[in-house]
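Coordinate inspection notes
So the chains spell out like this:
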Amino acid sequence: MSTRITLEQLTHMKIGEIANLSQQEIQELIRDADESIRKAKLLRKWLDGALEVQRRQRAKKQPTKGE
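Residues numbered from 1 in each chain as written. Predicted model: local features only at pLDDT ≥ 70, side-chain atom pairs only at ≥ 80, totals over all residues. Heavy atoms only, no water.

1. What to know about the overall build of the protein
In terms of helices and strands, the protein carries three helices and zero strands. Listing the helices and strands of the protein from first to last along the sequence gives α-α-α. Its C-alpha atoms give the protein a radius of gyration of 22 Å, more than 25% over the compact-globule value 11 Å for 67 residues. Each principal axis of the C-alpha distribution contributes one length, and for the protein these read about 70 × 20 × 15 Å. The proportion of buried residues among the 67 residues of the protein is 6%. Carbon and sulfur atoms make up 57% of the accessible area of the protein, which amounts to about 6500 Å² in all. In the protein, which carries 14 positive and 10 negative side-chain charges, the distance between the mean positions of the two groups comes to 11 Å. (Helix = DSSP H or I, 4+ residues; strand = E, 2+ residues; numbered from the N terminus. Rg over C-alpha atoms; globule rule 2.2 N^0.38 Å. Buried < 20%, exposed > 50% of the residue type's maximum accessible area, 1.4 Å probe, protein only. Areas by Shrake-Rupley, 256 points an atom, 1.4 Å probe, with all protein chains shown as cover. Lys, Arg positive; Asp, Glu negative; His and termini not counted. Charge placed at Lys NZ, Arg CZ, Asp CG, Glu CD.)

2. Some points on the pattern of salt bridges
Enumeration according to the criterion identifies six salt bridges in this entry. Residues Arg-56 and Glu-52 are paired through a salt bridge, measuring 3.2 Å at the closest nitrogen-oxygen approach. Of the two residues, Arg-56 and Glu-52 are both situated in helix α3 (residues 23-61); the distance of four residues between them amounts to about one turn of the helix. With a relative accessible area of 55%, Arg-56 lands in the exposed category. Salt bridges here are not isolated pairs; linked through shared partners, they connect Arg-4, Glu-28 and Asp-32. (Salt bridge = Lys/Arg side-chain N within 4 Å of Asp/Glu carboxyl O.)

3. Description of the environment of Ser-36
Residue position: Ser-36 is located in helix α3. Taking the C-alpha atoms as reference, Ser-36 lies 22 Å from Leu-51; in sequence the two are 15 residues apart.

Dropping the structure here:
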């Protein structure tokens, strides 16, 4: 039974070691990386949304000029 290399482990490997992996292993790691990118983009949208909510809340609390 072979153990799969994780993306975290991959970051500590030299390019030569990665090149020695099987094509299947590399393709699986590419899929893992693509999924991580998708999740990171979704998280980024959530965080951007949270910042926008904060900005709107602050804008409502600030008095307008002339008050």
